[in-house]
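Each chain, letter by letter, is given below.
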Amino acid sequence: MSHLDFSKLRWVKVVHDPSGWAYTRDCIKEIPNAVDFNYVTIFPLSFRTDKANQIEAADQITLIQNGKLTHLVEVLDCGAYEGGVVTTK
């Protein structure tokens, strides 16, 4: 993301993790298919509802953890991740 274009901000995901923070740098390193290199972090998001099927590439999502906005995420692709494996629709 070279600049912030809030016109693409379409989604808010509230993350509840009983252990505290779900998307710390250390936690992301443990996620299958995650990439953390040269100040770019790519990781699959887990969704519990079918609303995830409405998300499109280039959409932006804010992640809220413990009542705080912690991440602004840009969607790179629309492929669903099941069990850490990319599937195509």
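The shown structure was predicted, so the numbers you read here are calculated from the model rather than taken from an experiment.

(A) Layout of the environment of leucine 9. Within the secondary structure, leucine 9 sits in strand β1 (residues 9-15). Sequence spacing of leucine 9 and alanine 58 is 49 residues, and the spatial spacing of their C-alpha atoms is 9.2 Å. Not counting chain neighbours up to four residues away, the residues in contact with leucine 9 comprise Gln60, Ile61, Thr62 and Leu72.

(B) Highlighting a nonpolar patch on the surface. Side chains of Val35, Phe37, Val40, Ile42 and Leu76 sit close together on the surface and give an oily, nonpolar patch of about 480 Å² of accessible area. Elements with a minimum of two residues in the nonpolar patch: β2 (35-37) and β3 (40-42). By the element assignment, valine 40 lies in strand β3. Note on valine 40: relative accessible area 46%, which makes it partly exposed.

(C) Focus on the packing of aromatic side chains. Inspection of the entire model under this criterion finds 1 aromatic pair. Between tyrosine 23 and phenylalanine 43, the aromatic rings sit 5.0 Å apart at their centres with planes inclined by 35°, giving tilted as the arrangement. Remark: phenylalanine 43 occurs in the loop between β3 and β4 (60-65) and tyrosine 23 occurs in the loop between β1 and α1 (25-30); sequence separation between them is 20 residues. Judged on exposure class, the residue tyrosine 23 and its partner phenylalanine 43 are both buried.

(D) Geometry of the confidence of the model for the protein. Model confidence for the protein is summarised by a mean pLDDT of 78, while 82% of its residues fall at 70 or above. Of all helices and strands in the protein, the one with the weakest mean pLDDT is strand β7 (residues 85-87) (39), whereas β4 scores best (90). Below a pLDDT of 50 lies the segment residues 84-89, which in the model reaches 12 contacts outside its immediate sequence neighbourhood of four places, other chains included.

(E) Local environment of the sheet that holds β4. Reading across from one edge, β1-β4-β5 is the order of the 3 strands in this open sheet, with mixed pairing throughout. Looking at the sheet topology across the chains shown, the edges are occupied by β1 and β5 (68-74). Between one strand axis and the next, the sheet turns by 25° as a mean value, whatever way the strands run.

What counts and how
- Residues numbered from 1 in each chain as written.
- Predicted model: local features only at pLDDT ≥ 70, side-chain atom pairs only at ≥ 80, totals over all residues.
- Heavy atoms only, no water.
- Helix = DSSP H or I, 4+ residues; strand = E, 2+ residues; numbered from the N terminus.
- Contact = heavy atoms within 4.5 Å.
- Patch = residues over 30% accessible without salt bridge, like charges linked within 9 Å, V, L, I, M, F, W, Y side chains within 5 Å.
- Areas by Shrake-Rupley, 256 points an atom, 1.4 Å probe, with all protein chains shown as cover.
- Salt bridge = Lys/Arg side-chain N within 4 Å of Asp/Glu carboxyl O.
- Buried < 20%, exposed > 50% of the residue type's maximum accessible area, 1.4 Å probe, protein only.
- Phe/Tyr/Trp six-rings, centres within 6.5 Å; stacked < 30°, edge-to-face > 60°.
- pLDDT = per-residue confidence, 0-100.
- Pairing = 2+ DSSP bridges.
- Axes fitted to C-alpha atoms, helices over the stretch in contact; angles between N-to-C directions.

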